[in-house]
Each structure stands twice: as C-alpha cells, then as structure tokens.
Amino acid sequence: MLKVNKLVKTYEGKVATPVLKGINLAVRQGEFVGVMGPSGSGKTTLLNMVATIDSPSSGEVIINGMNPHTLKKDKLASFRRRELGFVFQSFNLLNTLTVEENIVLPLTLEGVSVRKMRSDARLLADRLGITPILDKRSYEISGGQMQRTAIARAIIHRPKLLLADEPTGNLDSKSSKDVMETLENINKSDGTTMMMVTHDAFAASYCDRVIFIKDGELYHEIFNTGNRQVFFQQIMDALSMMSADHSEFSTVRV
Ligand code: ADP
Ligand code: MG
C-alpha cells in the first residue's frame, strides 16, 4: 500500500545535513505502523515525505502504486485531499469554529452538500464519542476531545492512509488511551492504513509493527503478536537497547 524506496533527505543550508540516509519500508494495506527513535533522528522528516508535505532529495514514496512527488501542484493537492489524512500533536483546530464545523472542513473544499456534511459529521461523532460537544468551540473542550475532533476531521473523507505525528504528545494518560482506542477502532473497522510517529511506548503498543529510526537509518523493527502488554514490554526493551547502543562509548569498553 505504501512503499518507501532508498529515501534520502538532506536539508540544504550553510551546512548540508543528511537527515534520512536511504530508508526502505513497505507497509501493507490495513497495517498500523509506529515510528519511534530519539529526538532528531528523522521521524517527522520521514512522515513529511510520505505526507508529501516536503519532497525527498532522492528515492521514492509510492502510495497505492503512485509516486505523489511526481505530480504537478494541483494534482498533488487533490491527491493529498483524497487519499491522505493528517493528525498532529497540536491538534490544529480552528478555534473560531465549532467542533462540527472543524470536522466537516475537508468536505467544504469538495463541495459536499450541507445536509450530507451534517449527517456524516453526526455519524462519525457518534463513533468517536464526541456527539455532546459538537456545538462547542475548541477552547471549551479537553485535550483528548480536541484530538478526537482532529481525528474525525482527518478521516471524514475516508482517506486510505492516515498519518499521525505524536498524536498523544500533548495529552495526559487517560486522554492518550482514549485517542489510541479511537485510532485502533478506525484501523480495525475501516481498514485504514496508518503510520504514527510517537515517543510514547504505550501509544506504540497499539500498533501492528513498530520501526525504530536512529540517525536517519532503520535500526530495528518489532511486530505485535497479539498481546499488547507483551508488545509494550518489547518496545521498552528495544528503546533501552537503542539508547544503550552509543557507538561513542564502545571505544572505552575493554
Ligand atoms: P524527529 O522528528 O525524529 O525528532 P526531525 O525529522 O524533526 O526529527 O528532524 C531530524 C533532523 O533534521 C534534526 O536534526 C532537525 O534539526 C533537522 N531538520 C528538520 N527539519 C529541518 C528543516 N526544515 N531544515 C533544516 N533542518 C531540519
Ligand atoms: Mg518529530
């Protein structure tokens, strides 16, 4: 469903910084993949290349057999609107709009009738447990409700691929759990393929697979075999293995 081939990203500047150094990745239809790694390892950069928010220095991103980076600007914009959904750490809701108006925002761009927008929003709100707050504005609701609103907005047009960057990064543990259960439900019931960057092992334990990136390279990957507690422990072990593996210390070992 998603393929990343030899993806390289170097930010040009006074000093050119290689951030991704040839990432290969294949994600199957309906898979929920987590991306972890130390701060600055290139997680957001990878997600932004897949999201077509930024373009690679070399290598390709193939989504449903198509390389969006070869599309012209207007074709790319419509590809992004049709095929992709985005969720961010900071929710990115418009606070002058109500929850319902935020949710239907992507449909207003597609010229969908007001009646259909309303009924789609109501159905989705019901599923996500945010019906009671549909008429509220974003400053009147909790962080968890904001993120569930942002998720509703991200999936109202039924994207094939949902991309999330630290979706629980600004949330307490109870709200994180609500948000992860929401994402899990969307993944399982709609079969939406998902890629989520997170530093939170609890959030990552909801994934089918977690890949670890270090210094712009794929370092490790582990698969969820069905027990979330076991997977959580495996993620913790992988994280501590990765942070213990500092090459600068290897020279002092005897
Ligand atoms: P992560 O999400 O894993 O914390 P990022 O992908 O945001 O890491 O960043 C990886 C590296 O690339 C960092 O060293 C960061 O400073 C650098 N970087 C990110 N975005 C840019 C940019 N637009 N221009 C220059 N350097 C950038
Ligand atoms: Mg990041």
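Residues numbered from 1 in each chain as written. Chains lettered and ligands numbered in written order. Predicted model: local features only at pLDDT ≥ 70, side-chain atom pairs only at ≥ 80, totals over all residues. Heavy atoms only, no water.

The next subject is the site of ligand 1. Near ligand 1 the following residues occur: Y11, V19, P38, S39, G40, S41, G42, K43, T44 and T45. Contacts to ligand 1 include S41, whose backbone N or O atom sits 3.2 Å from an oxygen atom. Take K43: an N or O atom from its side chain is 2.8 Å from an oxygen atom of ligand 1. Surface burial for ligand 1 is 55%, taken as the share of its 560 Å² of free accessible area covered by protein chains. It is helix α1 (residues 43-50) that contributes the most residues to the shell around ligand 1, 3 residues altogether. In terms of residue class, the shell around ligand 1 is made up of 3 nonpolar, 6 polar and 1 charged. (Near = heavy atom within 4 Å. Polar contact = N/O pair within 3.5 Å; in protein donor to acceptor, adjacent residues only side chain to side chain. Areas by Shrake-Rupley, 256 points an atom, 1.4 Å probe, with all protein chains shown as cover. Helix = DSSP H or I, 4+ residues; strand = E, 2+ residues; numbered from the N terminus. Nonpolar A, V, L, I, M, F, W, Y, C, P; charged D, E, K, R; others polar.)

Within the secondary structure, L97 sits in the loop between β5 (84-88) and α3 (99-109). Aside from chain neighbours lying at most four places away, what touches L97 is N102, L105, K136, R137 and S138. (Contact = heavy atoms within 4.5 Å.)

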